[in-house]
Amino acid sequence: MPAACDAVLEDIEDIVSAEDLKPHERQFVRKNVFPKVRKRNSQKNVQTEDDPPSDSIIPGVQKIWIRTWGCSHNNSDGEYMAGQLAAYGYKITDNSAEADLWLLNSCTVKNPAEDHFRNSIKKAQEGNKKVVVAGCVPQAQPRQDYLKGLSIIGVQQIDRVVEVVEETIKGHSVRLLGQKKDKGKRLGGARLDLPKIRKNPLIEIISINTGCLNACTYCKTKHARGDLASYPIEELVDRAKQSFQEGVCEIWLTSEDTGAYGRDIGTDLPTLLWSLVQVIPEGAMLRLGMTNPPYILEHLEEMAKILNHPRVYAFLHIPVQSASDSVLMDMKREYCVADFKQVVDFLKEKVPGITIATDIICGFPGETDEDFQETVKLVEEYRFPSLFINQFYPRPGTPAAKMPQVPAAVKKQRTKDLSQLFHSYNPYDHKVGERQRVLVTEESFDSNYYVAHNPFYEQVLVPKDPLLMGKMVEVNIYEAGKHFMKGQPVSDARVHTASITRPFAKGEVSGLTEAFRPAAQNGTKWKAHPSAETPEHPWPALQLPWQQGGAALKMLSASLALLAVLLVFYYGGMKAEL
């Protein structure tokens, strides 16, 4: 076979012939080259050419739609994220179609909630929306296929939501999943004085701790929220004071397990509660969140005293999950049915009229018919006025998912049977004719009534009179249903305004402090709420973490800026040569 070249090249210069242009001649010819205009031969190309580069997008002017699933802790996180985004200049919208970005705050407790979350991501992508995901699902399993390429805000990183949204709008993917620590010790999460938009301006949700001390075999939330980490009492009291100064008249304390509060920082729940009741104004109320039986047993006497306080709802949510000790053992719940009964019996004796709410899981792996009947007997005995019945769903990565499962049809039937039992009795029939003091805070789902709660946190529907909202009033109960009573305000009774100042308007940003810089960079002018101590002035804008960082972060920021400039010159030079 003949060689590809007959002559051997000794040097690269041997390729240049005498007829070729010399370097200086090549430079001269370059001046006579004119750039060629590309033809736009499709609508797709037109759109691509017109899209601005990421560094030309102005952040802080887009519309954000926020959707939250799950518990009150998750709802509080959603309110904080909305507040920070609004403080920076973004518009929080209720219209998902007009939004530029969807912020989806997820729940990992049950499969249906995650399915809704996954479907929302798909819908957003089909609508060409930018997407940021938050909450327990991406925190626990960030490598799931349907989360690939998406920006993620970890449950302890909600104070950096502006960063993540800004970069996502520019077309980047950002993932912040780290834990907050101080000198190696895990903290409860983002600080409590961040800007917030309360879903209900009259209700403040305060997370007192994150995580828990248990390791329940069915729980996926543990993978996301981790071990117990409590906020200091003084920070929680300050947050409560601030809330009342902003017109709040009802506080909800929330966490994965409020009963475990303080065990990691050398205090306990009763100590916190006694500190909080001292700052609750007349007419305002405090509601305590869910607590597991083991951590309330040693504080029963103090808890009974607190739940009898006139500014604390006589209400407690104590999940039992099953009345079978063998099932509780498989769940690793760290208590037996006798412990649960001891707590309930003691509180019902010491706090007359107290409302005990509980949860039950139907069809946990290994649950026999006999086990289920024990649960049925418990419900028949206590006739819980508030009962959350859940069919068991195996969550990926949990020990319970690997256990032998109860057939789906059996789980469904047990759930149905227990639901029928629950709906067979009416807990409020005997209260018709009573005169009750209620706090009005919400509007009913059908928008026909206002929703109030009596001292036992039982729901009372009252006439939709705007003068009643946010007020403590007395009503006569004239009707009772399964989940509510109906009351008519007493004409000669005193109406007490629960809020110590005018409540914020719906959508108004609360919690803005001097830690935030003026929002001049995006033209946003925030006016102080009339209840604020400072005179009316433009609200400060969010000082982002990279603006708060040390020398290393500043050096990195400068380096990135220099790199961006070099890239602009480089690509600009390439275009000029065409």
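Residues numbered from 1 in each chain as written. Predicted model: local features only at pLDDT ≥ 70, side-chain atom pairs only at ≥ 80, totals over all residues. Heavy atoms only, no water.

**Side note on the confidence of the model for the protein**
Averaged over all residues, the pLDDT of the protein equals 83, while 79% of them reach at least 70. Confidence over residues 573-578 falls short of pLDDT 50; this stretch has four contacts with residues more than four positions distant or in other chains. (pLDDT = per-residue confidence, 0-100. Contact = heavy atoms within 4.5 Å.)

**Overview of the environment of serine 419**
Along the chain, the position of serine 419 falls in helix α14 (residues 408-422). Classification of serine 419 by relative accessible area gives partly exposed; the value is 23%. (Helix = DSSP H or I, 4+ residues; strand = E, 2+ residues; numbered from the N terminus. Buried < 20%, exposed > 50% of the residue type's maximum accessible area, 1.4 Å probe, protein only.)

**Observations concerning the packing of helix α3 (residues 72-88) against helix α6 (residues 161-169)**
Closest axis-to-axis distance for the α3/α6 pair is 9 Å, and the angle between their directions is 65°. With respect to the hand of their crossing, α3 and α6 are arranged in right-handed fashion. Between α3 and α6, the residues in contact are Met81, Gln84, Leu85 and Tyr88 and Val161, Val162, Val165 and Glu166, respectively. Here the contact of α3 with α6 is composed, by residue class, of six nonpolar, one polar and one charged. (Axes fitted to C-alpha atoms, helices over the stretch in contact; angles between N-to-C directions. Left-handed = near helix turned anticlockwise from the far one by under 90°. Nonpolar A, V, L, I, M, F, W, Y, C, P; charged D, E, K, R; others polar.)

**Description of the pairing of strand β18 (residues 450-453)**
Residues Tyr450 and Ala452 line one face of β18 and the alternating positions Val451 and His453 line the opposite face, and both faces are buried. Where strand β17 (residues 435-443) lies against β18, four bridges are found, and the strand directions are antiparallel. Paired with valine 440 across the two strands is alanine 452, which belongs to β18. Turn length for the β17-β18 hairpin, with the two strands adjacent in sequence and antiparallel, is six residues, and the turn residue serine 447 shows positive phi of about 65°. The sheet contact formed by β18 and strand β19 (residues 459-462) spans four bridges and is antiparallel. Its bridge partner being in β19, alanine 452 is matched across the sheet by valine 460. Hairpin connection of β18 to β19: five residues between the antiparallel strands, including tyrosine 457 at a positive phi of 55°. (Pairing = 2+ DSSP bridges.)

**A few points about empty space enclosed by the protein**
For the structure on display, the rule yields two cavities of 30 Å³ or more. The computed volume of the largest cavity comes to approximately 100 Å³. A total of four residues in the lining of the largest cavity trace back to one element, the largest contributor, which is α3. Taken together, the residues of the lining of the largest cavity sort by class into six nonpolar, seven polar and two charged. Each pocket or cavity is described by its volume, and for the second largest cavity that value is around 30 Å³. Taken together, Arg198, Pro201, Phe504, Ala505, Gly507 and Glu508 make up the lining of the second largest cavity. By residue class, the composition of the lining of the second largest cavity is three nonpolar, one polar and two charged. (1 Å grid on protein atoms, 1.4 Å probe; cavity = no way out; pocket = protein on both sides within 12 Å on 5 of 7 lines; lining within 4 Å. Points joined across faces, edges and corners; volume = space filled by probe spheres on them.)

**Observations regarding the pairing of strand β20 (residues 471-480)**
With five bridges joining them, β17 and β20 adopt antiparallel strand pairing. The residue of β20 that forms the bridge with glutamine 436 is valine 475. Where β20 and strand β22 (residues 496-497) come together, two bridges link them in antiparallel fashion. Bridge pairing links methionine 472 to histidine 496 in β22.

**So, the pattern of salt bridges**
According to the stated counting rule, one finds 28 salt bridges in the structure shown. The shortest N-O distance in the salt bridge between lysine 196 and glutamate 204 comes to 3.2 Å. Using a relative accessible area of 0% as the deciding quantity, one classes glutamate 204 as buried. A salt bridge links glutamate 458 to lysine 431, with the shortest nitrogen-to-oxygen separation between them at 2.6 Å. Here the residue glutamate 458 occupies a position in the loop between β18 and β19, and lysine 431 occupies one in the loop between α14 and β17, the gap between them amounting to 27 residues. Per residue, the accessibility class of glutamate 458 equals that of lysine 431, and both read buried. (Salt bridge = Lys/Arg side-chain N within 4 Å of Asp/Glu carboxyl O.)

**Topic: the sheet that holds strand β14 (residues 315-317)**
As a general point, the strands of a sheet are linked pairwise by backbone hydrogen bonds and lie either parallel or antiparallel. Strand order in the open sheet formed by three strands is β14-β15-β16, with parallel pairing between adjacent strands. Each end of this open sheet is capped by a strand with a single partner; those strands are β14 and β16 (386-391). In this sheet, neighbouring strand axes are inclined to one another by 15° on average, regardless of whether the strands run parallel or antiparallel. Pairing geometry for strand β15 (residues 355-362) and β16, over six bridges, is parallel. Looking at β16, one finds that cysteine 362 is bridged to glutamine 391.

**Observations concerning the sheet that holds strand β9 (residues 203-207)**
Ordered in space as β9-β12-β13, the three strands form an open sheet in which the pairing is parallel. Since the sheet does not close on itself, it has two edges, and those belong to β9 and β13 (285-288), each with one partner. Sheet twist, expressed as the average angle between the axes of neighbouring strands with direction ignored, equals 20°. Pairing of β9 with strand β12 (residues 250-254), which is carried by five bridges, proceeds in the parallel orientation. Following the sheet pairing, isoleucine 203 is matched in β12 by glutamate 250.

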